[in-house]
Amino acid sequence: MKNESTVIDVPAESSSAMKGSAPLIGVARDHTTNGSGGYKRGLSIFDFLLRLAAIIAASVAAGTMFTSDETLPFFTQFLQFEAGYDDLPTFQFFVIAMSMISGYLLLSLPFSVVTIVRPLATAPRLLLLVLDTAAMAFNMAAASSAAAIGYLAHNGNQNTNWLPICQQFGDFCQKTSGAVVSSFVSVVFFIMLVVLSGVALKRH
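As named in an unreviewed UniProt entry, the protein is CASP-like protein, taken from Brassica cretica.

The structure is reproduced here in structure tokens:
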């Protein structure tokens with residue numbers, strides 16, 4: 001008897017098919033990375049715009065307070081009634097603080113640009129988060145102290161016999177109040193910047 005055997009040829013997977021699966025995985029990974037980078041770049045652009053808005057708010061606050069001097073139209077031979085920011089140490093601190101905050105925001109713009117160019121970089125975002133938090137606290141201190149003095153200027157204090165001066169120095173009080181409002185707007189921008197940096201770092 002002859003031994004009969006059947007040979008079944010199983011076609012091996014072609015090398016081209018094996019090579020074809022690898023690029024698919026690579027494309028999927030690149031797509032995920034690009035999507036994350038695009039999201040973070042959008043956050044960085046928004047961060048840059050917020051910094052520009054905060055610079056305007058802080059500069060307006062410092063400039064308005066600095067030019068808030070007012071002299072009453074009547075005076076005597078020995079007295080001249082004048083009110084200015086430099087008459088109150090709190091307002092002097094306000095002008096210095098808001099000027100420093102404006103300078104810091106201006107210097108922070110290059111770091112914000114770095115986060116736009118390199119959206120996945122962590123170090124610039126972390127540095128901005130720490131410095132923005134400190135600047136926000138400094139801004140809040142200046143705005144709050146100036147708001148307290150502004151309240152006394154408008155309403156006075158009967159317990160200490162401090163009389164309101166805004167009835168006589170209306171323009172002075174109007175400018176100082178506008179400066180305080182602008183400084184609180186700057187605080188709001190800082191809060192948004194801190195939250196934005198936190199969100200970007202959390203999604204890293």
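## As for the UniProt feature "transmembrane region" (unreviewed entry) in the protein
The sites that carry the UniProt feature "transmembrane region" (unreviewed entry) are, in the present numbering, residues 48-66, 91-114, 126-153 and 179-201. With 100% helix and 0% strand, residues 48-66 has end C-alpha atoms that lie 27 Å from one another. With 100% helix and 0% strand, the stretch residues 179-201 has end C-alpha atoms that lie 33 Å from each other.

## What to know about the nonpolar core
Met65, Phe94, Met98, Leu105 and Phe190 are the most contacted members of the largest nonpolar core, which totals 36 residues. Elements with a contribution of two residues or more to this core: α1 (15-66), α2 (89-117), α3 (123-155) and α4 (170-202). Contacts of Met98, omitting those with residues within four sequence positions, involve Ala58, Ala61, Ala62, Asn139, Ala142, Ser183 and Ser186.

## A few points about the packing of α2 against α3
At a minimum axis distance of 10 Å, the contact between α2 and α3 shows a crossing angle of 160°. When the interaxial angle is binned, α2 and α3 end up roughly antiparallel. You can see that α2 and α3 cross each other, and the crossing is left-handed. Looking at the contact of α2 with α3, its residues break down into 21 nonpolar, seven polar and two charged.

How each quantity is defined
Residues numbered from 1 in each chain as written. Predicted model: local features only at pLDDT ≥ 70, side-chain atom pairs only at ≥ 80, totals over all residues. Heavy atoms only, no water. UniProt positions renumbered as here; feature names shortened; annotations may be inferred. Helix = DSSP H or I, 4+ residues; strand = E, 2+ residues; numbered from the N terminus. Core = buried A, V, L, I, M, F, W, Y, C linked by side-chain atoms within 4.5 Å. Buried < 20%, exposed > 50% of the residue type's maximum accessible area, 1.4 Å probe, protein only. Contact = heavy atoms within 4.5 Å. Axes fitted to C-alpha atoms, helices over the stretch in contact; angles between N-to-C directions. Parallel < 35°, antiparallel > 145°, perpendicular 65-115°, else oblique. Left-handed = near helix turned anticlockwise from the far one by under 90°. Nonpolar A, V, L, I, M, F, W, Y, C, P; charged D, E, K, R; others polar.

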